[in-house]
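# Structural description and commentary
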Amino acid sequence: MNASTLKILARVKNSDDLKIVAVSIFYFLSAQFGLLLSFSESKIIALWPPAGLALALLILFKHKTWPAITIGSLIAYAMVFLFQGTPFSFSVVMALVITSIGNTCEALFGYYLISKFIRVRNPFYKTGHVFIFLFVTLCMCIIGSGIGSLGMWANNLLELEDFTSYFSSWWLSNVISVLIITPFIISWTAPFKLEISWSRTLEAVIFVGMLTVILLTMEYSDFSETIEKSLPFLVMPFLLWLAFRFNLQTTMSGILIVSFIAIYFTINKLGPFSLTTEYDSRSILQIFTGVVSISTLILYATVRERAVAQEEIKVFNEKLEQKVRERTEELHEEIRMRKKSEETIKISNSKLRKANIELDNFVYSVSHDLRAPIASVLGIVNLATKENDIEMMQKYLSMIADSAERQDNFIQDILDLSRNSRLDVGRDQINFDNLITEIFDQLKYSAVDKNVIKEINISQTHSFISDKKRIKVIFNNIISNSIRYSREDNPMIKIDVEIDEATAKIQVHDNGQGIPKRHMKKIFDMFYRATDDNAGSGLGLYIVKETIEKLRGNVNISSLENEGTTVNLEIPNLTG
């Protein structure tokens, strides 16, 4: 199929002329079918399908197709006159024209009211819309039947005394048509899903089976006459079942079938609606079909509204639960962030308090420990200027050297402390054997040098990566303390290093003076001295603790007075 063919098909599909032709054909065919539903004696039609078809097609194709209703009506009522044996004359033609105008106005008026008050394509999904549709049907059918009856009377085709009866029969047949045919066409032309399930299939089988049982009982049982008279009441629950459990298409199909069966049996003088006179039979038949149709539509709309409301509530609840979950997560996150902030502030405050305390101690100790060696040197120099003995002069020089070395060590401790707080952690390959040997060699020439027995044991299965400068500061402070406070006879220092892929576990043990128990809680405080000999600055163990924490390690000290001290270190391996 080429592009030109597709364009032609598109034009035909959107052509108003084609719609008019199609509507005219449908109108004519529905009239043909309606003639089959007429009573044999009066030739009056119980249900006039073109009335419902006209409104449905206007809803589907909009008001531009109204000429098709006029054309179809002319043809359809010409067939009615032929069916009733009325010879054609000028009066008959005028009556046809007036009737066609009345039918067109009827459909247009109904379309206008539905467009104005309902404003949706399918007015059978809400209970309120169904009641409006019923009101529209009752009003619009007055126009068609009223204008048609007036046209018949004006052209002498209807006697005045028969006007009310003729009008009421015409109005009822149009009303029943709109209540049954219009919903049927609207439902089947609307988009819908064909859902087949075992439960619905079983319901359909039960539905058909029970109807069959009723029909067989009416035909063959001893109380068939009772069943026949009760048939309208027996059918109602089944139609309500359709409205309650199935879609609009199935419901309207059931109503249409029941209505046509009722009409068929009645015009053949069978069934519960076959009364003494044809007028009574026709009237009760039309009332039954109208009541059944509108009752079932109202129930269907009510059930659907309830289902839609339940679905909306379900969706709303799901959205609400989702909102609650999201808000709860947001609150948890907010609480977590607040706790984190509070913890950060707490840590910051703790660090700030610590820094303030350390700063106060630092200012006091620095002013004391820096000035003390200088004051000592000045005093010794003053004495030396008055001394002529060479031996005393050498003694004074030795004392000056001690003071200078003490001040130099103090300044070096301050520099180590400053570098540890400012510099990031380095990553160096650590050789503990060389590092420990280097520290002992440096301390050999210091004032704290003693003839110490050294025992070094290193067990290493993996390479160790850490900050070499910080490791050196740690060992320097610990080893220098062990030497400084060692015993006079047979001083000994034992160092054990065990390295694996995760940590370096280090133990430094000496047999020195030990630390009194009363000092153990404060040995890591800044400028705290466990002895009164002024040999150290009081910063050594504080620097060890701060440096270990910078490396994310641990340190603890155990000591017994006059027996010795053991320092245990655990430093993470930064190979990862």
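Before reading on, note that the structure itself is shown above.
What comes next is a walk through the structure. Think of each chain on its own: its residues are numbered from 1, step by step along the sequence as written. Since the coordinates come from a predicted model, pLDDT governs what is reported: local features require at least 70, and pairs of side-chain atoms require 80 or more to be given and counted, while whole-chain, interface and lining totals use all residues. As a rule here, side-chain values cover all heavy atoms of the structure and leave hydrogens and water aside.

Each helix is a run of H or I in the DSSP string that is no shorter than four residues. Each strand is a run of E no shorter than two, and both are numbered from the N terminus. Helices are assigned an expected span. That span is 1.5 Å times one less than the residue count. Between the first and last C-alpha of helix α14 (residues 468-484) there are 24 Å, a value that for 17 residues agrees with the 24 Å anticipated at 1.5 Å per step. Inspection of α14 places Arg470, Ile471, Val473, Ile474, Phe475, Asn477, Ile478, Ile479, Ser480, Ser482 and Ile483 among the buried residues, and these make up the whole buried set. Each residue gets one of three labels from its accessible area relative to the maximum for its type: buried under 20%, exposed over 50%, partly exposed in between, using a 1.4 Å probe on protein chains only.

Turning next to the pattern of salt bridges. Side chains that carry opposite charge are capable of pairing whenever their charged atoms lie near each other. Criterion for a salt bridge: a side-chain nitrogen of Lys or Arg within 4 Å of a carboxyl oxygen of Asp or Glu. All told, the structure shown has eight salt bridges when counted by the stated rule. Glu333 is paired through a salt bridge with Arg336; the nearest N and O atoms lie 2.6 Å apart. In this pair, Glu333 and Arg336 are both assigned in helix α11 (residues 278-384), three residues apart and thus about one turn of the helix distant. For Glu333, a relative accessible area of 38% gives the class partly exposed.

On to the pairing of strand β5 (residues 503-510). Two faces, one strand: in a regular strand the side chains alternate between the faces of the sheet. Note: two strands are recorded as paired if DSSP finds a minimum of 2 bridges between them. Note that strand β4 (residues 492-499) and β5 share seven bridges and pair antiparallel. Across the sheet, the residue bridging to Asp496 is Gln507, located in β5. Where β4 hands over to β5, the hairpin turn is made up of three residues, counted between the paired strands.

Okay, a negative patch on the surface next. Patch membership needs two things, relative accessible area over 30% and no salt bridge, and members are linked within 9 Å if like-charged or within 5 Å if nonpolar (Val, Leu, Ile, Met, Phe, Trp, Tyr). Using a 1.4 Å probe, accessible areas were evaluated by the Shrake-Rupley method; residue-level cover was limited to the displayed protein chains. Just so you know, the count uses Lys and Arg for positive and Asp and Glu for negative, and it drops His and the chain ends. The atom standing in for a charge is NZ when the residue is Lys, CZ when it is Arg, CG when it is Asp and CD when it is Glu. On the surface, a cluster of negative charge is contributed by Glu311, Glu312, Glu318 and Glu321. Among the secondary structure elements, Glu321 is positioned in helix α11. Overall, the relative accessible area of 45% leaves Glu321 in the partly exposed class.

Time to look at the packing of helix α4 (residues 66-83) against helix α5 (residues 90-117). Their axes nearest at 8 Å, the elements α4 and α5 cross at an angle of 135°. Our classification of the angle between α4 and α5 gives oblique. Of the two elements, α4 crosses α5, and the hand of that crossing is right-handed. The residues of α5 that touch α4, namely those facing Trp66, Ile69, Thr70, Ser73, Leu74, Tyr77, Ala78 and Phe81, are Val92, Leu96, Val97, Thr99, Ser100, Asn103, Thr104, Ala107 and Leu108. Classification used: nonpolar for Ala, Val, Leu, Ile, Met, Phe, Trp, Tyr, Cys and Pro, charged for Asp, Glu, Lys and Arg, polar for all others including Gly. Across the contact of α4 with α5, the residue classes break down as 11 nonpolar, six polar and no charged. Angles shown run from 0 to 180 degrees and are taken between the N-to-C directions of axes, each axis being a line fitted to C-alpha atoms and, for helices, limited to the stretch in contact. Put simply, angles under 35 degrees are roughly parallel, angles over 145 are roughly antiparallel, angles from 65 to 115 are roughly perpendicular, and the rest are oblique. Helix crossings fall into two classes, left-handed where the near helix is turned counterclockwise from the far one by less than a right angle and right-handed where it is turned clockwise. Should any heavy atoms of two residues lie within 4.5 Å, those residues are considered in contact.

Let us now look at the side chain of Ser100. Relative to the helices and strands, Ser100 is located in helix α5. Look at Ser100 and you get buried, because its relative accessible area is 1%. At a separation of 2.8 Å, a polar atom in the side chain of Ser100 contacts the main-chain carbonyl oxygen of Leu96. Residues within four places of Ser100 in sequence aside, it is in contact with Thr70, Ser73 and Leu74. Contacts described as polar in this section are N or O atom pairs within 3.5 Å, which, within protein, must combine one atom able to donate a hydrogen with one able to accept it, while residues neighboring in sequence count only if both atoms come from side chains.

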